[in-house]
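# Architecture and fold: a report
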Amino acid sequence: AQKVTQAQTEISVVEKEDVTLDCVYETRDTTYYLFWYKQPPSGELVFLIRRNSFDEQNEISGRYSWNFQKSTSSFNFTITASQVVDSAVYFCAAISGKLIFGQGTTLQVKP
Amino acid sequence: GAGVSQTPSNKVTEKGKYVELRCDPISGHTALYWYRQSLGQGPEFLIYFQGTGAADDSGLPNDRFFAVRPEGSVSTLKIQRTERGDSAVYLCASSTASGGPPYNEQFFGPGTRLTVL
């Protein structure tokens with residue numbers, strides 16, 4: 001069975017701090033995909049990244065970066081120099097047949 | 001272009017009633033998904049359509065829940081004999097077929113907030 005765990009329920013930082021959101025996944029499949037989604041206060045889920053299980057290269061997109069480590073079954077997400085607009089709930093998800101979401105981490109960035 | 005739209009945005013009903021929730025996917029997206037999100041939780045998969053057929057309905061909680069997509073575009077999620085525990089935000093998403101759904105990026109609608117009194 002698949003499972004995605006986001007141990008951090010809520011994180012609060014001050015603007016310009018770096019913040020890392022943790023994600024640990026469980027799957028018996030050798031082929032799977034991992035995702036991060038952002039859910040701002042408006043409620044609509046926004047896709048951030050997709051990573052397949054064969055590609056362990058880290059990825060950077062502007063202030064966002066992702067660290068995928070199969071050895072620890074983790075797919076962590078770092079926001080550098082956080083901004084107030086980054087405040088949202090962030091979901092990690094894994095897919096092997098269907099998309100399974102973690103419980104989400106609420107990030108609050110204070111000015 | 002237009003994103004995924006869902007109607008109504010809010011639905012309040014009484015226990016035992018029947019409700020229909022509508023999803024209009026992005027034009028040209030062949031894959032369509034329904035999720036349910038309870039307060040403080042991540043979205044929970046309900047059903048996935050590829051074209052007109054349900055490719056995976058393993059997430060539907062019981063036989064009170066049913067979804068259709070008769071023409072491969074708009075989908076309707078139907079809930080019979082609603083219960084208070086059905087109260088949640090029902091999310092719809094769609095994706096393209098290239099690369100093989102459900103592995104593609106899914107575009108989500110704003111959701112329908114269902115409240116069962």
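From a predicted model like this one, the values you see are computed outputs, not experimental measurements.

The rules behind each value
Residues numbered from 1 in each chain as written. Chains lettered and ligands numbered in written order. Predicted model: local features only at pLDDT ≥ 70, side-chain atom pairs only at ≥ 80, totals over all residues. Heavy atoms only, no water. Pairing = 2+ DSSP bridges. Helix = DSSP H or I, 4+ residues; strand = E, 2+ residues; numbered from the N terminus. Axes fitted to C-alpha atoms, helices over the stretch in contact; angles between N-to-C directions. Salt bridge = Lys/Arg side-chain N within 4 Å of Asp/Glu carboxyl O. Buried < 20%, exposed > 50% of the residue type's maximum accessible area, 1.4 Å probe, protein only. Disulfide = S-S within 2.5 Å. Polar contact = N/O pair within 3.5 Å; in protein donor to acceptor, adjacent residues only side chain to side chain. Contact = heavy atoms within 4.5 Å. Core = buried A, V, L, I, M, F, W, Y, C linked by side-chain atoms within 4.5 Å. Phe/Tyr/Trp six-rings, centres within 6.5 Å; stacked < 30°, edge-to-face > 60°.

## A word on the sheet that holds strand E7 (residues 65-68) of chain B
All names here are of chain B. Taken in spatial order, the four strands line up as E1-E3-E8-E7 in an open sheet, and their pairing is antiparallel. Of all strands in the sheet, those bounded by a partner on one side alone are strand E1 (5-7) and E7. Taken over all neighbouring pairs, the strand axes of this sheet differ in orientation by 15° on average, direction set aside. Relative to strand E8 (residues 75-79), strand E3 (residues 19-24) runs antiparallel, the two sharing five bridges. Bridge assignment links Val 19 to a residue of E8, and that residue is Ile 79.

## Digging into the pattern of salt bridges
What the rule picks out here adds up to seven salt bridges over all chains. Across the pair Asp55(A) and Arg51(A) runs a salt bridge whose closest N-O atoms are separated by 3.0 Å. For Arg51(A), a relative accessible area of 6% corresponds to the buried category. In this structure, Arg64(B) and Asp86(B) form a salt bridge, with 2.8 Å as the shortest nitrogen-oxygen distance.

## A few points about the state of the cysteines
Here, the word disulfide means a covalent bond between the sulfur atoms of two cysteines. Residue and element names in this part refer to chain A. The final tally for this structure, using the stated rule, is two disulfides over all chains. The disulfide that involves Cys 23 links it to Cys 92, with 1.9 Å between the sulfurs. Judged by the sign of its S-S torsion, about -65°, the bond between Cys 23 and Cys 92 is left-handed. Highlighted residues: Cys 23 in the loop between strand E3 (19-21) and strand E4 (24-26) and Cys 92 in strand E10 (residues 88-95), separated in sequence by 69 residues. In terms of burial, Cys 23 and Cys 92 fall into one category: buried.

## Notes on the pairing of strand E9 (residues 88-95) of chain B
All names here are of chain B. A large share of E9 lies buried, amounting to eight of its eight residues. Because side chains alternate across E9, one face comprises the buried residues Ala 88, Tyr 90, Cys 92 and Ser 94, and the other comprises Val 89, Leu 91, Ala 93 and Ser 95, equally buried. As defined by bridge partners, strand E4 (residues 31-37) adjoins E9 across seven bridges and the pair is classed as antiparallel. Bridging from a neighbouring strand, Tyr 33 pairs with Ala 93 of E9. With three bridges connecting them, E9 and strand E11 (residues 112-116) associate as antiparallel partners. Counted as the bridge partner of Tyr 90 is Thr 112 from E11. Direction of pairing for E9 relative to strand E10 (residues 107-108): antiparallel, over a ladder of two bridges. The residue of E10 that forms the bridge with Ala 93 is Phe 108.

## Quick word on the side chain of Gln37(B)
Within the secondary structure, Gln37(B) sits in strand E4. Residue Gln37(B) is classed as buried on the basis of its relative accessible area of 10%. Separated by 3.0 Å, the side chains of Gln37(B) and Gln39(A) make a polar contact. Within the local environment of Gln37(B), its side chain forms a polar contact with the backbone oxygen of Gln41(B), the two atoms lying 2.9 Å apart. Filtering out sequence-adjacent residues up to four positions away, Gln37(B) remains in contact with Gln39(A), Phe91(A), Gly42(B), Pro43(B), Ala88(B), Val89(B) and Leu91(B).

## A few points about the nonpolar core
Burial of nonpolar side chains together is a common tendency in soluble globular proteins. Residue and element names in this part refer to chain A. Membership of the largest hydrophobic core comes to 24 residues, with the highest contact counts inside it found for Trp 36, Trp 66, Phe 75, Phe 77, Tyr 90 and Leu 107. For this core, the secondary structure elements donating two or more residues are strand E2 (10-14), E3, strand E5 (33-39), strand E6 (46-52), strand E8 (64-69), strand E9 (74-79), E10 and strand E12 (105-110). No other element matches the four residues that E10 contributes to this core. With residues near it in sequence (within four places) discarded, Trp 66 still touches Trp 36, Leu 48, Ile 49, Asn 58, Glu 59, Ser 61, Phe 75, Asn 76 and Phe 77.

## Thoughts on the packing of aromatic side chains
Per the counting criterion, the structure on display carries 20 aromatic pairs over all chains. With 6.1 Å between their ring centres and 90° between their planes, Phe91(A) and Phe101(A) make a pair best called edge-to-face. Separated by 10 residues along the polypeptide, Phe91(A) in strand E10 and Phe101(A) in strand E11 (residues 99-101) bring together distant segments of the chain. Relative accessible area serves as the criterion here: at 9%, Phe101(A) is assigned to the buried category. Taken together, Phe35(A), Tyr37(A), Phe47(A), Phe91(A), Phe101(A), Tyr33(B), Tyr35(B), Phe45(B), Tyr48(B) and Phe108(B) form an aromatic cluster joined through their ring pairs.

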